[in-house]
Each structure stands twice: as C-alpha cells, then as structure tokens.
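Chain and residue survey
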Amino acid sequence: MAERPEDLNLPNAVITRIIKEALPDGVNVSKEARRAISQAASVFVLYATSCANNFAMKAKRKTLNAGDVMAAMEEMEFERFLQPLREALEAYKKGQKGKKEASEQKKKDKEKKSDAEESDKNKDEEEEEEEHMDEEPEVENEAEDEEVEN
C-alpha cells in the first residue's frame, strides 16, 4: 500500500475525460483545478475503500464486495449516489453475463467445428482406406497372372 495519498493519484487522462463529460462545452479548467480534482478524487476513493473494508472486516471477509461499497456510500452520507450506483452495477452485471454467454457460445461453436472437422477427417481416411483396399487385390491378381504365364 502507498504511504501517501499523493502516490495514488488517478491518471490525468481519466480525470480530464470525467471533467469534460461533467461540464458544458466551452468551459475551461485550469491545470491547478484539474490537479485539485484529481487529488480530491483520490482521497474520496481511499476513504470509500477504507469504509467498505470496515464492512468487510465486520463480516469477517477479506474481499470487498458491491454491498460493502453501497454500505460505505451510505455511511459517508452519499445516499443520493446509491441509486445511480445500483443502476451502474446492474448494467455491469448484465454486460458481464452477456460476455460470458457469448464466450460460452463461441466455445460451443468451436467445439462443434472441431468435431465436424474431425468427422470429415475420419471420413476422408476411411475413403482412402477403401480406395487402397480396392487397389490391393488388383496388384495381387497381376502377380498371380504373371505366375500363371511363367
């Protein structure tokens, strides 16, 4: 863990994007203001994480979960953000579920393709064996014909 909050600043590109999305077009933000917002965001994240960790510890868990974060937001008196946070979490879960289903479908399709290719390969090998079986008696017959002629 970092020793100082300054060591944990969020990336400037992320902060700039968030600021631009939050403000109307044409509003400029100084470097100093961006830095202050970045530090404030970092402090907020550290505080929210610490509060959420307290809820996880009370439940004798080492892993923070979404419920811990929700409880921390409420404890920090950010109740008005709970509903948007729940909606964002639900959208995330749906997206993850969709990705998982797509991944499983892709895996099934790949297995079907692999099975079909294996089946085709086996058919090709069987056909080749049959062709060789048909050719072999002719070779034997030719050898017999030569013996009869001698």
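The structure this text deals with has already been given above.
The structure contained in this document is the topic of the report that follows. The structure displayed is predicted, hence computed values, not measured ones. (Residues numbered from 1 in each chain as written. Predicted model: local features only at pLDDT ≥ 70, side-chain atom pairs only at ≥ 80, totals over all residues. Heavy atoms only, no water.)

Some remarks on the overall build of the chain
This is how the line gets drawn: Under the DSSP-based scheme used, a helix requires at least four consecutive residues in state H or I and a strand at least two consecutive residues in state E, with every element numbered from the N terminus. For every residue, the accessible area (1.4 Å probe, protein chains only) is compared with the maximum for its type, and the residue is labelled buried under 20%, exposed over 50%, or partly exposed between those bounds.
In terms of helices and strands, the chain carries 4 helices and 0 strands. From first element to last, N terminus to C terminus, the chain shows the α and β order α-α-α-α. When the 150 residues of the chain are sorted by exposure, 9% land in the buried category.

So, the packing of helix 1 (residues 12–22) against helix 2 (residues 31–58)
To keep it simple, the criterion reads: Each axis is a line fitted through C-alpha atoms, taken for helices only over the stretch in contact, and angles between the N-to-C directions span 0 to 180 degrees. An angle below 35 degrees is read as roughly parallel, one above 145 as roughly antiparallel, one from 65 to 115 as roughly perpendicular, and any other as oblique. Contacts between residues were defined by any pair of non-hydrogen atoms, one from each residue, lying within 4.5 Å. In this classification, Asp, Glu, Lys and Arg are treated as charged, Ala, Val, Leu, Ile, Met, Phe, Trp, Tyr, Cys and Pro as nonpolar, and every other residue, Gly included, as polar.
Where helix 1 meets helix 2, the axes come as close as 10 Å, and the angle between the chain directions of the two elements is 105°. When the interaxial angle is binned, helix 1 and helix 2 end up roughly perpendicular. Counting all contacts with helix 1, which are made through Ile15, Thr16 and Ile19, the residues of helix 2 involved are Arg34, Ile37, Ser38 and Ala41. Split into classes, the residues belonging to the contact of helix 1 with helix 2 amount to 4 nonpolar, 2 polar and 1 charged.

A short note on a negative patch on the surface
Going by this rule: Candidate patch residues must exceed 30% relative accessible area and have no salt bridge, after which like charges are joined if within 9 Å and Val, Leu, Ile, Met, Phe, Trp or Tyr side chains if within 5 Å. Accessible areas in this description were obtained via Shrake-Rupley with a 1.4 Å probe; residue shielding takes into account the shown protein chains only. Criterion for a salt bridge: a side-chain nitrogen of Lys or Arg within 4 Å of a carboxyl oxygen of Asp or Glu. For the purpose of counting charges, residues Lys and Arg are taken to be positive, whereas Asp and Glu are taken to be negative. His and the chain ends are not included. To locate a charge, the coordinates of NZ of Lys, CZ of Arg, CG of Asp or CD of Glu are taken.
A grouping of Glu111, Asp115, Glu117, Glu118, Asp120, Asp124, Glu125, Glu126, Glu127, Glu128, Glu129 and Glu130 is seen on the molecular surface, where their side chains present a negatively charged patch. According to the relative accessible area criterion, Glu118 is partly exposed, its value standing at 43%.

Quick look at helix 2
Convention followed: Here, expected helix span is obtained from the residue count minus one, scaled by 1.5 Å.
Between its terminal C-alpha atoms helix 2 stretches 41 Å, which fits the 40 Å expected from 28 residues at 1.5 Å a residue. Tucked into the core, helix 2 has its buried residues touching helix 1 and helix 3 (66–75). Directly beyond the C-terminal end of helix 2, a positive phi value near 60° is found at Lys60.

What to know about the pattern of salt bridges
A full pass over the atoms with the stated rule returns 2 salt bridges. Put simply, Arg17 and Glu21 hold a salt bridge, and the shortest N to O gap is 3.8 Å. Placement of the pair is Arg17 and Glu21 together in helix 1, with a separation of 4 residues, close to one helical turn. The salt bridge partner of Arg61 is Asp68, with a shortest N-O separation of 2.8 Å.

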